[in-house]
Amino acid sequence: MFSRFNVLWLRRFAFPENVRYYAGVHQKNPQLKPATATVETIKAKLASSSTPTAEEWKSIRLNILNERRFNITNVDSVVLGLCPNLRMGKSYIAFLHQQGLQTNLAIVGKLLRLYRLKEGKLTEEDESDIWRMYTELREQNAILDANTCEHAVNALTLTKHWKHCLELLEMIKISGTPDSSSYNCIATKAFQSGDESTGWIMMQEMCENKRLPNDDSFLAWLDYSRKREDQPFAANLERMLQFTHDRSVFLSKRIGKQLLELPSEFGIRVQETRITDGGKCSSCKGTLSSIVVSEDMFQSLRDKFLTAVLINKEIFNRTTPEELNRFQAFLAKTLPYDVVIDGLNVAFSSGNQKSPIVYAQQVAAVVRHYVRQKKRVLVIGRKHMDKWRSREMKYIRENSFLFLTDDLSQDDPFLLYAALESGPKTDFFSRDLMRKHSFMLGNELSGVFKRWQQEHQYSLLSIMPDGRVLIKAPFKYELYAHKSCDNRWHVPLVELGYRIPKVEKQNDWLCLSIE
């Protein structure tokens, strides 16, 4: 069988100058989907407890073929993708064989994945079938495409042959990044099999590749830790919690429920709690750790921001050299500021179908709020704001510094650049999540940027009829699970850990003490 070493060799040496071509051959293909009405009709039919007859399968197949995007090559893979469980999938495969129709790579891949959806426990025969289909695939194909690899990983990790998935993972990397499902399936099986080293390697690697661990991986680690008599459960739990802190990962309420039900003999006391906006825990009355961006980290962020975000690979794709020079000259004359405001973000906060007078009133209200506090204010906008002729714009010009970028330029990078150049005490005002800018800074500085953003970003909630401004202030405490000096952890919980929630203070927390 094609070895993992050979896959690694192929990735590194076989196509050193032509990787793009090779990736194009084996890249993940976009999934074709039938019309919504067709999907709903088929799903309703397959939701029945009885498997379809041959005539019913023929009708389902024809419904999809009637859409021009589908043909005899891809229709069967689509049908299998709509099957809700393994029983239905096997029924459709049997129908194809009865009709004398051949199964291709995509069909076998989809069938393999359906083993994850079997009703009831997998039998030895099921595991043998998975291994037989996989070995046949490998005998016929030296390299599998990324989609088929991911389907195979989902199935093989249900069997004793799961370590072959490490080779498939390398195969996927030929053309891209493995999906979360592949990483989680391997991590879960590794923990279940007692291979904690491989499990944590998968957890680390998926986070480095911007993939999220799911509940199954964490639950498998907890189950493994319960069975280890040579390791304290508390130490393994802390390892997991520290991982979520270091990798900025939220645990789900499902995991929280498991932690609340831990037996007392583990010496861990867990309580549900709430955290105030001032960072105080309602259970232990302690205060969460404050977020800290050191002077050195802030300086590194400020030094890197210009080249990483405004000028990317020597291409001014968010501005022009002339505009950047004009902005830098403007900053040199007007720095420092107490707050930098995203003018258009504030203007459009109540909708983008209003008149320019309303937009100007919105911005003026926020500027006035800070001017009354004797703050030094910079407003970043775009040149079309010059057409907002009103007394509010006159007020903005007279009471703050105003810089208008070209209408085609992106204003967020200017906002962030000005705030960073102004110094570590400067705040900025915007509702934007700034995710793309964080991503462009790379793994190391992305975390620094997020902490700086969390500490300094304010946003508009509403403007009252009397002109008072309601502002959302930043939560200046740790957002993720962390440990205080009294051997106590505070752990935020989200509904679904595998979906990226808005990075803000969560409503539900656990207060966890280790005796």
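Residues numbered from 1 in each chain as written. Predicted model: local features only at pLDDT ≥ 70, side-chain atom pairs only at ≥ 80, totals over all residues. Heavy atoms only, no water.

Asker: Would you mind going over the overall build of the protein with me for this structure?
Answerer: Scanning the protein from terminus to terminus reveals 23 helices and 11 strands. Oriented by its inertia axes, the alpha-carbon framework of the protein measures out at about 80 × 60 × 50 Å. For the protein, the exposed area adds up to about 26,100 Å²; of that, 50% sits on carbon and sulfur atoms. (Helix = DSSP H or I, 4+ residues; strand = E, 2+ residues; numbered from the N terminus. Areas by Shrake-Rupley, 256 points an atom, 1.4 Å probe, with all protein chains shown as cover.)

Asker: Would you mind going over the sheet that holds strand S6 (residues 427-429) with me for this structure?
Answerer: Hydrogen bonds between backbone groups are what pair the strands of a sheet, and the pairing can be parallel or antiparallel. Pairing in this open sheet of 6 strands is mixed, and the strands run S5-S4-S3-S6-S7-S8 from one edge to the other. Of all strands in the sheet, those with a lone pairing partner are strand S5 (401-405) and strand S8 (469-472), marking the two edges. Ignoring strand direction, the axes of neighbouring strands in this sheet form an average angle of 25°. Sheet topology places S6 next to strand S7 (residues 457-463); 2 bridges connect them, and they run parallel. In the sheet register, Phe-429 faces S7, and the bridge partner there is Tyr-458. Packed onto the sheet, helix H21 (residues 412-422) meets strand S3 (339-342), strand S4 (377-382), S5 and S6 and runs at close to 175° relative to S3. (Pairing = 2+ DSSP bridges. Axes fitted to C-alpha atoms, helices over the stretch in contact; angles between N-to-C directions. Contact = heavy atoms within 4.5 Å.)

Asker: I tried to follow the pattern of salt bridges on my own but got confused; where do I start?
Answerer: A side chain of one charge can pair with a side chain of the opposite charge when the charged atoms of the two come close. In this structure the tally under the stated criterion is 34 salt bridges. The salt bridge partner of Arg-254 is Asp-216, with a shortest N-O separation of 3.8 Å. Here Asp-216 lies in helix H13 (residues 215-227) and Arg-254 lies in helix H15 (residues 253-260), a separation of 38 residues in the sequence. The class for Asp-216 is partly exposed, based on a relative accessible area of 36%. Salt-bridge contacts for Lys-483 lead to Glu-238; the nearest nitrogen and oxygen are separated by 2.8 Å. You can see Lys-483 sitting in strand S9 (residues 482-483) and its partner Glu-238 sitting in helix H14 (residues 233-246), a full 245 residues away along the chain. (Salt bridge = Lys/Arg side-chain N within 4 Å of Asp/Glu carboxyl O. Buried < 20%, exposed > 50% of the residue type's maximum accessible area, 1.4 Å probe, protein only.)

Asker: Would you take a moment to explain the domain arrangement of the protein for this structure?
Answerer: It is common to give the size of an interface as the accessible area lost on bringing the parts into contact. Domain assignment breaks the protein into domain 1 (197-289 + 475-514) and domain 2 (295-471). Between the C-alpha centres of domain 1 and domain 2 there is a distance of 35 Å. Taken together, the contacts link 10 residues of domain 1 with 8 residues of domain 2. Each partner contributes to the roughly 730 Å² buried at the junction of domain 1 and domain 2, and carbon and sulfur atoms together form 40% of this total. The tally of links from domain 1 across to domain 2 stands at 1 salt bridge. (Domains from an automatic or database assignment. Buried area = accessible area lost by both parts, 1.4 Å probe.)

Asker: Help me out: how do you make sense of the state of the cysteines in this one?
Answerer: Should the sulfur atoms of two cysteines be covalently bonded, the bond is a disulfide. Enumeration over the complete set of coordinates arrives at 0 disulfides. Here Cys-281 is not cross-linked by a disulfide; its sulfur's nearest cysteine counterpart is in Cys-284, at 3.7 Å. Classification of Cys-284 by relative accessible area gives partly exposed; the value is 22%. (Disulfide = S-S within 2.5 Å.)

Asker: In this structure, what is going on with the nonpolar core? I would like to understand it.
Answerer: Judged by nonpolar contacts, the single largest core of 83 residues is most densely connected at Leu-168, Leu-237, Met-240 and Ile-268. Counting residues in hydrophobic clusters, the runner-up holds 30 residues, among them Phe-428, Leu-445, Phe-449 and Trp-452. (Core = buried A, V, L, I, M, F, W, Y, C linked by side-chain atoms within 4.5 Å.)

Asker: How should I be thinking about helix H10 (residues 165-172) in this particular structure?
Answerer: Every α-helix carries 3.6 residues per turn, so stepping three or four residues along brings you back to the same face. Along H10, 8 of the 8 residues are buried, which leaves the element largely enclosed by surrounding structure. Among all positions in H10, only Cys-165, Leu-166, Glu-167, Leu-168, Leu-169, Glu-170, Met-171 and Ile-172 are buried.

Asker: Would you mind showing me how to read helix H8 (residues 124-140) here?
Answerer: Relative to the 24 Å expected for 17 residues at 1.5 Å per residue, H8 spans 24 Å between its end C-alpha atoms, a close match to the ideal helical length. Looking at the buried residues of H8, the elements they touch are helix H6 (86-98), helix H7 (105-114), helix H9 (146-156) and H10. (Expected span 1.5 Å × (residues − 1).)

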